[in-house]
Amino acid sequence: MSWDFSTDPDYQEQLEWMAEFVRREIWPLETIWPELGLEGLDKAIAPLQDQVKARGLWATHLPPELGGQGMGQVRLGLMHEVLGTSPIAPLAFGNAAPDSGNSEILAMAGTPEQKERWLTPLLAGDLRSAFSMTEPHTSGSDPTQLQTRAVRDGDGWVIDGHKWFSSNGSIADFLIVMAVSSPEARPSQRASMFIVPVETPGVEILRDVPTMEHPWEQFGGYGGHSEITYNSVRVPGEALLGGEGEGFVLAQQRLGPGRIHHCMRWLGVARRAFDMMCERATYRYAHGSVLAQKQTVQNWIADSAAEMQAARLMTLHAAWVMDSEGARAARTDVALIKFYGAKVLHDVVDRALQVHGSLGYSTDLPLEQMYRSARAARIYDGPDEVHRQSVARHILHGYQPPLDGVPSEHLPTRREQARERFAHILDAVTAND
Ligand SMILES: Cc1cc2nc3c(=O)[nH]c(=O)nc-3n(C[C@H](O)[C@H](O)[C@H](O)COP(=O)(O)OP(=O)(O)OC[C@H]3O[C@@H](n4cnc5c(N)ncnc54)[C@H](O)[C@@H]3O)c2cc1C
């Protein structure tokens, strides 16, 4: 037996340091983020990054040979739960999306030259990147439909296509672009990844698409989702990342751990919203009592606590499966937590907002922002429905129709079988009557 829910004391100490550091040093920056702008934020965060590095907690998602800690997904997950409490914290720890995922792909599939040119400065925070896969006119849920093409041209490639929602595209130095390079191959082997510097002729970053999260027009800020056209973009052969036709395999490898980190970060957000809900309930007075004494509010608190605990254990379990049996074995567990975790995040933030009434709806509290960004969690990295479908398919593989067409649990049939099997006892009981 080796079931164990404890965290080893050394790492627990690191987690406590992170929690205190994030709350003391990073939460205050959230309130002046828009005033600081990109440059000011970088300046404010640089000394914090030095502290994180000194503590050995910088870019921990990578293996030790690339400067990471090789911590494994359970420890990383626990770390992301702490960092998730603030949208800025991952920047201070060198593991903000999409750079973290892109650095994983580069670490996994990059040549030594690609690593030196792109990965090393990306990890040092000297470059920024974006992942450019989703297109406005094809379904992102079914990327085998991608229309962006990469055509061989001498030693290099020419890329043509239209992408959007390439997060951080407008502040990136380079883009990792997914394009169909072998249209005749099997659908899952048609696409490849290419490293495209943003200044390459033909790359046009049209706009950051205004969203629920950032409803106002802006360009060139952290977290913008860029619309980009690639018009006869010529890149050299060395731009190919991984093998030709390996685009989907690499994307899957990037997404598995990334989804665990997302789910743990969502729990960090949910916990913060939950704390606000509980605090408000203790003193807001209406109709003869504080809100904490209303049964509906009590239900919301209890349901939220139960759901967060369930999501946390499910996510840590998925991380544990990934650590102990590998990413493939964890695929269904990861799909489960992706849609379940997104729902928990949404519901907890929604209840916390409701308990605060108009204050919750206002921008005087961070709840409305949490609510807007929570909505996106049900869409990015695969919409809920796709993950539910993949979980259900996996589960259904374990089932067969009954040979005789009768449900296995059909009571009259089972009763008949039991009567035959236990006839001697039934006969004796009847004889005694
Ligand atoms: C905040 C945010 C950040 C993002 N960042 C990036 C990024 O950095 N890089 C990038 O390339 N992309 C990014 N995306 C895009 C994201 O990956 C896609 O939006 C996602 O894959 C869904 O694709 P789609 O928007 O084309 O929706 P569609 O594929 O058109 O799906 C629309 C809806 O159809 C339904 N649906 C789809 N398939 C099924 C099914 N099998 N069964 C039942 N219903 C189904 C679902 O309800 C789904 O929501 C981001 C998106 C958001 C919201």
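Quick note: structure is the one above.
Heads up: these notes are all about the structure in this document. (Residues numbered from 1 in each chain as written. Predicted model: local features only at pLDDT ≥ 70, side-chain atom pairs only at ≥ 80, totals over all residues. Heavy atoms only, no water.)

1. Some words on the overall build of the protein chain
Filter applied, for reference: For helices the rule is a DSSP run of H or I covering at least 4 residues; for strands it is a run of E covering at least 2, with both sets numbered from the N terminus onward. Whether a residue is buried, partly exposed or exposed follows from its accessible area with a 1.4 Å probe, protein chains only, as a fraction of its type maximum: under 20%, in between, or over 50%, in that order. Contacts between residues were defined by any pair of non-hydrogen atoms, one from each residue, lying within 4.5 Å. Under the convention used here, a 1.4 Å probe and the Shrake-Rupley method define accessible areas, while residue burial counts only the protein chains that appear.
If you tally the helices and strands in the protein chain, you get 14 helices and 10 strands. If one aligns the C-alpha atoms of the protein chain with their principal axes, the spans along those axes are about 95 × 65 × 45 Å. For the protein chain, buried positions account for 46% of its 433 residues. A sequence separation of at least 24 residues applies to 70% of the contacts in the protein chain between residues at least 6 apart. Approximately 22,500 Å² of the protein chain is accessible, and the part contributed by carbon and sulfur atoms is 54%.

2. Brief notes about the site of the ligand
As a reminder of what qualifies: Any residue with a heavy atom lying within 4 Å of a molecule or strand is counted as near it. Polar contacts, as used here, are pairs of N or O atoms within 3.5 Å; protein pairs need one atom able to donate a hydrogen and one able to accept it. Residues neighboring in sequence count only if both atoms are side-chain atoms.
In the vicinity of the ligand there are 17 residues, among which Thr 134, Ser 139, Gly 140, Ser 141 and Phe 165 approach most closely. Here Ser 141 contributes a side-chain N or O atom positioned 2.6 Å from an oxygen atom of the ligand. When isolated, the ligand has an accessible area of 980 Å², and the protein chains bury 66% of it. Among the elements of the structure, β3 (156-167) and α12 (384-396) are those that each provide at least two residues to the shell around the ligand. Per-element accounting of the shell around the ligand gives the leading share, 3 residues, to α12.

3. Observations concerning helix α8 (residues 295-325)
Using the following cut-off: Here a helix's expected span is defined as the number of its residues, less one, multiplied by 1.5 Å.
Under the 1.5 Å per step criterion, the end-to-end length of α8 is 44 Å for 31 residues, consistent within 8% with the ideal 45 Å. Restricting attention to buried positions, one finds in α8 the residues Val 297, Ser 304, Glu 307, Met 308, Ala 311, Thr 315, Leu 316, Ala 318, Ala 319, Val 321 and Met 322. Where α8 is buried, its residues touch α3 (73-83), α7 (247-283) and α9 (331-355). Downstream of α8 by one or two residues, Gly 326 has phi in the positive range, about 100 degrees.

4. Quick word on the packing of aromatic side chains
Quick reminder of the rule: A pair of aromatic rings is counted whenever rings of Phe, Tyr or Trp (Trp by its six-membered ring) have centres within 6.5 Å, and the orientation is called stacked for planes under 30 degrees apart, edge-to-face for over 60 and tilted otherwise. For a lysine, the NZ atom is tested; for an arginine, the CZ atom; a charge sits over a ring if that atom is within 6 Å of the ring centre and within 35 degrees of the ring normal.
For the structure on display, the rule yields 6 aromatic pairs. Residues Trp 17 and Phe 21 carry aromatic rings whose centres are separated by 4.6 Å and whose planes lie at 15 degrees to one another, so their mutual orientation is stacked. With Trp 17 and Phe 21 both in helix α1 (residues 9-30) and 4 residues apart, the pair spans about one turn of that helix. Ring centres of Trp 157 and Phe 194 lie 5.1 Å apart, and the angle between their planes is 65 degrees; this geometry places the pair in the edge-to-face category. One end of the pair, Trp 157, is in strand β3; the other, Phe 194, is in strand β5 (residues 191-197), with 37 residues separating them in the sequence. Summarising the burial analysis for this pair, Trp 157 and Phe 194 share the class buried. By way of ring pairs, the aromatic residues Trp 17, Phe 21 and Phe 93 are connected into one cluster. Between the NZ or CZ atom of Lys 53 and the centre of the ring of Trp 58, over which it lies, the distance is 4.5 Å. The aromatic ring of Phe 131 is capped on one face by Arg 254, whose charged end is 4.3 Å from the ring centroid.

5. What to know about the nonpolar core
When a protein is soluble and globular, its nonpolar side chains tend to lie buried together. Selection criterion: Nonpolar core, defined: a set of buried Ala, Val, Leu, Ile, Met, Phe, Trp, Tyr and Cys residues in which side-chain atoms within 4.5 Å join the residues together.
Formed by 90 residues in total, the largest nonpolar core has its most connected members in Met 18, Ile 26, Met 79, Phe 93 and Met 193. Each residue touching Met 193, except ones within four places of it in the same chain, is listed here: Ile 105, Phe 131, Ile 176, Val 177, Met 178, Ala 239, Leu 240, Leu 241, Gly 247, Leu 250 and Ala 251. With 17 residues, the next largest nonpolar core counts Trp 157, Ala 179, Tyr 230 and Leu 240 among its residues.

Read these as geometric descriptors, not functional statements.
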